Amino acid sequence: MSSPTIFSRLIAGELPCAMVYEDATTFAFMDAGQVNPGHVLVALKRPAPTILDVTEDEAAALFRTVHKVARAVQAAFSPEGITLLQTNKPAGWQTVPHIHVHVVPRYENDGADLVWPRHDPPVEELKALAARIAAHHVVE
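As the structure is a computational prediction, the values presented were derived from the model and not from experiment. (Residues numbered from 1 in each chain as written. Predicted model: local features only at pLDDT ≥ 70, side-chain atom pairs only at ≥ 80, totals over all residues. Heavy atoms only, no water.)

Student: How should the overall build of the protein chain be read in this particular structure?
Tutor: Each helix and strand in the protein chain was counted, giving 3 helices and 5 strands. The N-to-C order of helical and strand elements in the protein chain reads α-β-β-β-α-β-β-α. The principal-axis extent of the C-alpha atoms belonging to the protein chain is close to 50 × 45 × 25 Å. Relative to its 140 residues, the protein chain shows a buried fraction of 31%. Within the protein chain, counting contacts between residues at least 6 apart in sequence, those at least 24 apart form 53% of the total. For the protein chain, the exposed area adds up to about 9500 Å²; of that, 59% sits on carbon and sulfur atoms. Here the protein chain contributes 11 positively and 16 negatively charged side chains, and the mean placements of these two sets differ by 3 Å. (Helix = DSSP H or I, 4+ residues; strand = E, 2+ residues; numbered from the N terminus. Buried < 20%, exposed > 50% of the residue type's maximum accessible area, 1.4 Å probe, protein only. Contact = heavy atoms within 4.5 Å. Areas by Shrake-Rupley, 256 points an atom, 1.4 Å probe, with all protein chains shown as cover. Lys, Arg positive; Asp, Glu negative; His and termini not counted. Charge placed at Lys NZ, Arg CZ, Asp CG, Glu CD.)

Structure below.
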């Protein structure tokens, strides 16, 4: 068994944090590394590493809380936009192996940036990619 993540320790009350919301399945707290004031992390209480390790019900519960928190952040800070960011595994930019979603209030020219190379394949290639995914039974 791997050692507890910092999120598990926050959820357990072993470390101090600024909690925003909690229910039976999820826990929302202020990110210690605020991109902008109001930057919240929403995590599952169960320490599953990635979206690939949770049930459909857990994913739904996580995003129900993300929705609640995003609406509260909008009401509290009136940002010009909100970025939701959920990453998986180090190659996907995940730094804490405990599933979570960033809810980041955003403002024009706030210095936050998300950049990746954009490719524009023809629609036939997109259809082939879609078929490859669909072949793995997106719906069970």
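Now that the structure has been shown, the text picks up again.
Student: When you look at the UniProt feature "domain: HIT" (unreviewed entry) in the protein chain in this model, what are you seeing that I'm missing?
Tutor: With numbering matched to this structure, UniProt assigns "domain: HIT" (unreviewed entry) to residues 6-113. Helix makes up 26% of residues 6-113 and strand 24%, whereas the separation of the span's terminal C-alpha atoms amounts to 25 Å. (UniProt positions renumbered as here; feature names shortened; annotations may be inferred.)

Student: Looking at this structure, how should I read the sheet that holds strand β1 (residues 19-22)?
Tutor: Strand pairing in a sheet relies on backbone hydrogen bonds. The paired strands run either parallel or antiparallel. Spatially, 5 strands are ordered β1-β2-β3-β5-β4 in an open sheet, and the strand pairing comes out antiparallel. Strands with a single pairing partner mark the edges of an open sheet, and in this sheet they are β1 and β4 (81-85). Adjacent strand axes in the sheet meet at a mean angle of 15 degrees, parallel and antiparallel pairs treated alike. Bridging between β4 and strand β5 (residues 100-106) involves 5 bridges; their strand directions are antiparallel. Across the sheet, Leu-84 pairs through a bridge with Val-103, a residue of β5. Of the strands in this sheet, β1, β2 (26-30), β3 (40-44), β4 and β5 are in contact with helix α2 (residues 56-77), which crosses β3 at around 160 degrees. (Pairing = 2+ DSSP bridges. Axes fitted to C-alpha atoms, helices over the stretch in contact; angles between N-to-C directions.)

Student: Looking at this structure, I do not really get α2. What am I missing?
Tutor: Since the α-helix packs 3.6 residues into each turn, any two residues three or four apart lie on the same face. Along its 22 residues, α2 runs 31 Å from first to last C-alpha, staying within 8% of the 32 Å computed at 1.5 Å per residue. For α2, the set of buried residues is Glu-58, Ala-59, Ala-61, Leu-62, Thr-65, Val-66, Val-69, Ala-70 and Val-73. Considering only its buried residues, α2 is in contact with β1, β2, β3, β4 and β5. Looking one or two places after α2, you find Ser-78, whose phi comes out positive at around 45 degrees. (Expected span 1.5 Å × (residues − 1).)

Student: Help me understand a nonpolar patch on the surface in this model?
Tutor: A cluster of nonpolar residues, Trp-93, Leu-114 and Trp-116, forms a patch on the protein surface that exposes about 380 Å² of accessible area. Note on placement: Trp-93 falls in the loop between β4 and β5. (Patch = residues over 30% accessible without salt bridge, like charges linked within 9 Å, V, L, I, M, F, W, Y side chains within 5 Å. Salt bridge = Lys/Arg side-chain N within 4 Å of Asp/Glu carboxyl O.)

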